[in-house]
Amino acid sequence: MKKGGWLFLVSAALLLVSSSAFAQAKQIRHERHPATTAEATSSVAPQTQPDYVYFSIFDGMPMGLQLHHDTEVNTGRPVDVYVFPIELQVMNSDGNFEPVGLIIDNFYTARAVNPLTAPNPNNARDCKAWNTLVLNEMKNRGPNSPTWSYVEFTVPQGARVLQTNEDGQVFWSDDVECWGSRDRFPPF
């Protein structure tokens, strides 16, 4: 009987060790938006404003906001750039819970191309406000609350970009929008 008990314990221990050795931890991935380099032009050659018909929409948990001081390629003009990482969440899920652990690092200017003519010259400020509101709400969220806060970051097809020396390609802030909302599905 003792030999059977020891054999069982050794088998269970080996099974436990082997299962943890083959288990794969879910890695958090970062993707950059927009791509670091592409067909970016200097503000010397004006880009046409997008038609705002089609938008890329990223929903998820904001992971903070950083302001970088950079310079524009070819001109050396100073440019302030926000990096707004958002961990994507599935909204109104059909049960296919993905992507898990995907963080989109969104880069955009702190000022509009031309603040005097921009439809909303304060988009960068709005993103900063929504980041703060959603993070504070999640921090103070009641354990029995039926909803979860998240932020939406939208970019129109054909959004204008600027090439910077350190951060690479960034969106102009007039072409991004942010707002917060709630959903009944918890973040992953």
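Residues numbered from 1 in each chain as written. Predicted model: local features only at pLDDT ≥ 70, side-chain atom pairs only at ≥ 80, totals over all residues. Heavy atoms only, no water.

**Side note on the overall build of the chain**
Each helix and strand counted, the chain has 2 helices and 9 strands in total. Put simply, the chain runs from its N terminus to its C terminus through helices and strands in the order α-β-β-β-β-β-α-β-β-β-β. When each of the 188 residues of the chain is scored for burial, the buried share is 37%. For the chain, long-range pairs separated by at least 24 residues make up 73% of all intrachain contacts whose partners lie at least 6 apart in sequence. With the model as given, the accessible surface of the chain reaches about 11,600 Å², and the carbon-plus-sulfur share is 57%. (Helix = DSSP H or I, 4+ residues; strand = E, 2+ residues; numbered from the N terminus. Buried < 20%, exposed > 50% of the residue type's maximum accessible area, 1.4 Å probe, protein only. Contact = heavy atoms within 4.5 Å. Areas by Shrake-Rupley, 256 points an atom, 1.4 Å probe, with all protein chains shown as cover.)

**Digging into the side chain of Asn131**
Counting through the fold element by element, Asn131 comes out in helix α2 (residues 123-139). The class of Asn131 is buried, set by a relative accessible area of 6%. The contacts of Asn131, once residues within four sequence positions are left out, are Pro62, Gly64, Leu65 and Phe84.

**Digging into the nonpolar core**
In this structure, Phe84, Tyr108, Cys127, Phe153, Val155, Phe171 and Val176 are the most contacted members of the largest nonpolar core, which totals 21 residues. Secondary-structure elements contributing two or more residues to this core are β2 (55-62), β4 (78-88), β5 (102-109), α2 and β6 (148-156). In this structure, Tyr108 is in contact with Leu65, Asp80, Val81, Tyr82, Phe84, Ala124, Cys127, Phe153, Val170, Phe171, Ser173 and Val176, ignoring residues within four places of it in sequence. (Core = buried A, V, L, I, M, F, W, Y, C linked by side-chain atoms within 4.5 Å.)

**Considering the state of the cysteines**
Across all of its chains, the model carries 1 disulfide by this definition. Bridging Cys127 to Cys178, the disulfide has an S-S length of 1.9 Å. Torsion about the S-S bond of the Cys127 and Cys178 cystine: about 85°, corresponding to right-handed handedness. Of this pair, Cys127 sits in helix α2 while Cys178 sits in strand β9 (residues 177-183), placing them 51 residues apart in sequence. No difference in accessibility class separates Cys127 from Cys178, as the two residues are buried. (Disulfide = S-S within 2.5 Å.)

**Describing the pattern of salt bridges**
What the rule picks out here adds up to 6 salt bridges. Between Arg160 and Asp174 there is a salt bridge whose closest N-O contact spans 3.4 Å. Here Asp174 lies in the loop between β8 (168-171) and β9 and Arg160 lies in the loop between β6 and β7 (161-164), a separation of 14 residues in the sequence. Each of the two residues, Arg160 as well as Asp174, counts as buried. Residue Asp175 pairs with Arg160 through a salt bridge whose shortest N-O separation is 2.9 Å. In this pair, Asp175 sits in the loop between β8 and β9 while Arg160 sits in the loop between β6 and β7, placing the two residues 15 residues apart along the sequence. Comparing Asp175 with Arg160, the two get one shared label, buried. (Salt bridge = Lys/Arg side-chain N within 4 Å of Asp/Glu carboxyl O.)

**Observations concerning α2**
If you check α2, its first and last C-alpha atoms are 24 Å apart, about what 17 residues at 1.5 Å a residue would give, namely 24 Å. Along α2, the residues that are buried comprise Asn123, Ala124, Cys127, Asn131, Val134 and Met138. Each buried residue of α2 sits inside an arc of 105° when the element is viewed along its axis, so together they form one side. Seen from the open side of α2, the exposed residues pointing more than 90 degrees away from its buried face are Arg125 and Lys139. Close packing links the buried residues of α2 with β2, β4, β5, β6 and β9. (Expected span 1.5 Å × (residues − 1). Arc of directions from axis to C-beta.)

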